[in-house]
Amino acid sequence: MPRYIVARQSELRNVNVEICTPFSDPGWLQEGMEESFNIIIRIYLNLARPAHDEGRIPFLPYTNGTWIKPYRDNRPMDRDVDVVLVEVSPPDEHGFCYFGNGVWESSYYAKRAKTVIAEMDESFVRLRGEAALHVSEIDYIADTPNPPLNEEEIEIIANCLPTEKQERAREILPITQPKVFREVLPQIDEVPVDQIESALNIDDPTDVMKAIAANLKTIMQDRDTIQIGTGKNTKHLVELGVFDDLNDISIFSELAVPEMAFLIKRGIATGKYAALHPGKAVFTALTGLTAEELLWVDNNPLIELYPGEYILNIPNISKNDNMVSINNGVAVDFTGQLTCESQFGPRLINGSGGQIEFHIGAFLSKGGKAVTILPSTFGNGAISTIVPYFEKGTLVTLSRYWADYVVTEWGVAQLVGKTHRERAEELIQVAHPDFRDELKEAAKEIC
């Protein structure tokens, strides 16, 4: 649907477009579109990062749990929602259209928008919880056929991959949601191979990821409630066996990662001791699951989706005893300050998503752990991600008052209840050995 709006560029002026996470660009992120579209990005920059670096696109600093506040409280603002575009399944026998594998804020925006336009997709899964919109709440419907990828399309994509991964790609592509791949087909030769592998969930974990998973496993316990954030360093945690030996864990998570739904199928995530939804696994979106998992979760009563304002809610999160949040970091300083948003000072990489709410909620949970996954180096080992202090302009995601666990490939640092000097000592122990001597010297000066 967005590409048809972009096609009308010459007749549109000063249209505000708020996007949560741009995974594809219909054209409005390109230079020269500024008179027609005022693009506002919230949460993850992804494809918009070059435009943001050039100053053409602003960033809206909300978390996934707080974006609703100005709307809910009727604060005066210039971005009342005139039109919301949503993607849904065709209506069921009761007239409900489902948001597929992700609810996010769709239902809340639909209730507040003056006009609701729904694009219907036959391939969308139907899930329980608060994952649907009644057809009576929709003003306009666009029925857009989205058939599975055909053999020619599959071959074009598969042939971009290494030979040893092509057959697996041919097995997966017929059951993937076709729109994502169809949108990038015209530029498929320009898409990095590792991104295609990641989208198909056939990328391989690195040795660093394997070591991080092994270290994380040492602090997990039976009856934990888990949340896992999206990112390359958390993506493989389930398949690397972090949770294999646990019993009766629960899932209360914004997102999913590959094999997470099959923790339920395997009887590991039973939700037996869940505080809010016993016997259920609760998410806002399942976008990280494999294609096989998405087939399994369709209409599955064990899984429920709820909007972000409910899931990304600190009081709700903290009600789960033994809540373990597992999220990615970019860097941590000796005091325990954490950034997941900027690198080398103020350069913005991403927003915080739901990390702040889950980190604080887990920290406040009885028996909870707020875990940050952090490879010890960046740039092929050239730069330590554990630093004495942040560079000027670094965007601090979580202050040192919420510091808890930091897990690298070298071990686990536990920061809560420790002084600045003790935190520095903990972090140096899990820093890369190549940087420990200089970090020890720096610690003498600032701690």
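Quick caveat, the model's predicted, so the values are computed rather than measured.

Chemist: Before we go on, may I ask you to explain unusual backbone geometry in this structure?
Modeler: Apart from glycine, the bulk of residues carry a negative phi angle, and the bulk of peptide bonds sit in the trans form. The phi dihedral of Glu259 is positive, around 75 degrees, even though this residue is not glycine. When you line up the elements, Glu259 lands in the loop between strand S11 (250-253) and helix H10 (260-265). Glu259 gets classed as partly exposed once you look at its relative accessible area, which sits at 27%. Despite not being glycine, Asn380 has its phi angle at roughly 55 degrees, a positive value. Looking at the secondary structure, you find Asn380 in the loop between strand S18 (377-378) and strand S19 (383-384). Given the relative accessible area of 86%, Asn380 is considered exposed.

Chemist: Could you clarify how one ought to interpret helix H14 (residues 355-364) in this entry?
Modeler: Each full turn of the α-helix corresponds to 3.6 residues, which orients residues three or four apart in the same direction. Of all 10 residues in H14, 7 are buried, a share of seventy percent or more. Turning to H14, its buried residues number three or more, namely Gln355, Glu357, Phe358, His359, Ile360, Gly361 and Ala362.

Chemist: Help me understand the nonpolar core in this model?
Modeler: A general trend in soluble globular proteins is that nonpolar side chains are found buried together. Formed by 58 residues in total, the largest nonpolar core has its most connected members in Phe243, Met260 and Leu286. If one sorts the elements of this core by residue count, H10 sits on top with 4 residues. Ignoring sequence-local partners within four residues, the contact set of Leu286 consists of Asn101, Leu127, Ala256, Leu294, Val297, Ile303 and Leu305. The next biggest cluster of nonpolar side chains, apart from the first, holds 20 residues, and it includes Ile386, Leu427, Ala442 and Ala443.

Chemist: How do you make sense of the environment of Leu395 when you look at a structure like this?
Modeler: Looking at the secondary structure, you find Leu395 in the loop between strand S20 (386-387) and strand S21 (405-408). Note: C-alpha distance between Leu395 and Arg347 (48 residues apart in sequence) is 8.6 Å. Sequence-distant contacts of Leu395, that is, excluding residues within four places in its chain, are made with Thr339, Glu341, Ser342, Gly345, Pro346 and Leu348.

Analysis parameters
- Residues numbered from 1 in each chain as written.
- Predicted model: local features only at pLDDT ≥ 70, side-chain atom pairs only at ≥ 80, totals over all residues.
- Heavy atoms only, no water.
- Helix = DSSP H or I, 4+ residues; strand = E, 2+ residues; numbered from the N terminus.
- Buried < 20%, exposed > 50% of the residue type's maximum accessible area, 1.4 Å probe, protein only.
- Core = buried A, V, L, I, M, F, W, Y, C linked by side-chain atoms within 4.5 Å.
- Contact = heavy atoms within 4.5 Å.

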